[in-house]
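Close look at the chain arrangement
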Amino acid sequence: MKGSRNTSGFILLDMLVSLPILVFLLAAMGAMAVMAFRAAFFMMADSELQQEVQMAVRQVAEDARTSYAIRGFTKDEKPGYTFYQYRSPDEASSSTFRTQYWVHKVGNVDKLVWKDEMRPLTGNHSLAGVDITAFSCSEVAPRLHEIRLTGRSRVTRHSYTLAVCVYGPERMD
């Protein structure tokens, strides 16, 4: 009986020491899980930002490759560009058409749009909330144009700029 009296207080003391350590370890693991989820969310938002800018630049560059002239304009104090293209090589002297790209504010997001406001190329995904902060198309040399697009994630506040240079065809007048 005397031996059991000495060990009965040891279990209570063991619980008083180990319980705070267990709570601390669980809290640390929870904080690490929250930080890991936040980092993963930020990484996905940055990836979406880059993907939206890359897809938009790819489409604008494709039109620039087939455009014999590119003219800038301003719409609602935002930059825009008109791309003049031939319909086909057979119709080069008689038939042309134009495509326009410009930055347009939809709600509180600046989007790059194509042809009309109902065709946004950026800002359609809610994860990153991509704002277009800069769009330019400048002539570097005859028939060589630099297209530059900058987007900013509303989640991470990171910016991503992509610039490409493309040659357009010669004008067939």
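The preceding data block contains the structure.
Quick summary incoming for the structure in this document.

What counts, and where the lines are drawn
Residues numbered from 1 in each chain as written. Predicted model: local features only at pLDDT ≥ 70, side-chain atom pairs only at ≥ 80, totals over all residues. Heavy atoms only, no water. Buried < 20%, exposed > 50% of the residue type's maximum accessible area, 1.4 Å probe, protein only. Helix = DSSP H or I, 4+ residues; strand = E, 2+ residues; numbered from the N terminus. Pairing = 2+ DSSP bridges. Phe/Tyr/Trp six-rings, centres within 6.5 Å; stacked < 30°, edge-to-face > 60°. Salt bridge = Lys/Arg side-chain N within 4 Å of Asp/Glu carboxyl O. 1 Å grid on protein atoms, 1.4 Å probe; cavity = no way out; pocket = protein on both sides within 12 Å on 5 of 7 lines; lining within 4 Å. Points joined across faces, edges and corners; volume = space filled by probe spheres on them. Polar contact = N/O pair within 3.5 Å; in protein donor to acceptor, adjacent residues only side chain to side chain. Contact = heavy atoms within 4.5 Å.

**Thoughts on the pairing of strand β4 (residues 109–114)**
Across the six residues of β4, five count as buried, placing the element largely inside the fold. Inspection of the sheet shows strand β3 (residues 96–106) paired to β4 by six bridges, in the antiparallel sense. Directly across from V106, in β4, lies its bridge partner V109. As consecutive antiparallel partners, β3 and β4 are separated by two residues, and within that stretch G107 has a phi angle of approximately 65 degrees, a positive value. Pairing geometry for β4 and strand β5 (residues 116–120), over two bridges, is antiparallel. Opposite V113, over in β5, you have P120 as the bridge partner.

**Some details on the pairing of strand β6 (residues 130–141)**
Where β6 and strand β7 (residues 144–153) come together, 10 bridges link them in antiparallel fashion. The residue of β7 that forms the bridge with S138 is E146. Linking β6 back to β7 in an antiparallel pair, the connection comprises two residues, with R143 at a positive phi of about 70 degrees.

**Regarding the packing of aromatic side chains**
Here the structure, examined in full by the defined rule, presents five aromatic pairs. Seen from their ring centres, F41 and F42 are 6.4 Å apart, and the 50 degrees between their planes marks the pair as tilted.

**A look at the pattern of salt bridges**
Should the charged atoms of two oppositely charged side chains come close, the side chains can pair. Enumeration over the complete set of coordinates arrives at seven salt bridges. The salt bridge partner of K105 is D110, with a shortest N-O separation of 3.3 Å. Of the residues examined, K105 reaches a relative accessible area of 46% and is grouped as partly exposed. Close ionic contact of E146 with R148 constitutes a salt bridge, the shortest N to O distance being 3.1 Å. The partly exposed category is assigned to R148, whose relative accessible area is 34%. Three or more residues joined by partner-sharing salt bridges are found here, namely K78, K105 and D110.

**Quick look at the layout of surface pockets**
Here the largest pocket is characterised by a volume of approximately 150 Å³. Forming the boundary of the largest pocket are S67, Y68, A69, I70, R71, E139, R143, H145, G168, P169, E170 and R171. Broken down by element, the lining of the largest pocket gets its largest block of residues, five residues, from strand β1 (residues 67–75).

**Structural notes on the side chain of Q85**
Mapped onto the secondary structure, Q85 falls in strand β2 (residues 78–86). What makes Q85 buried here is its relative accessible area of 3%. Side-chain polar atoms of Q85 contact the backbone oxygen of D63, separated by 3.0 Å. Setting aside residues up to four positions removed in sequence, Q85 forms contacts with D63, T66, S67, Y68, T96, F97 and T99.

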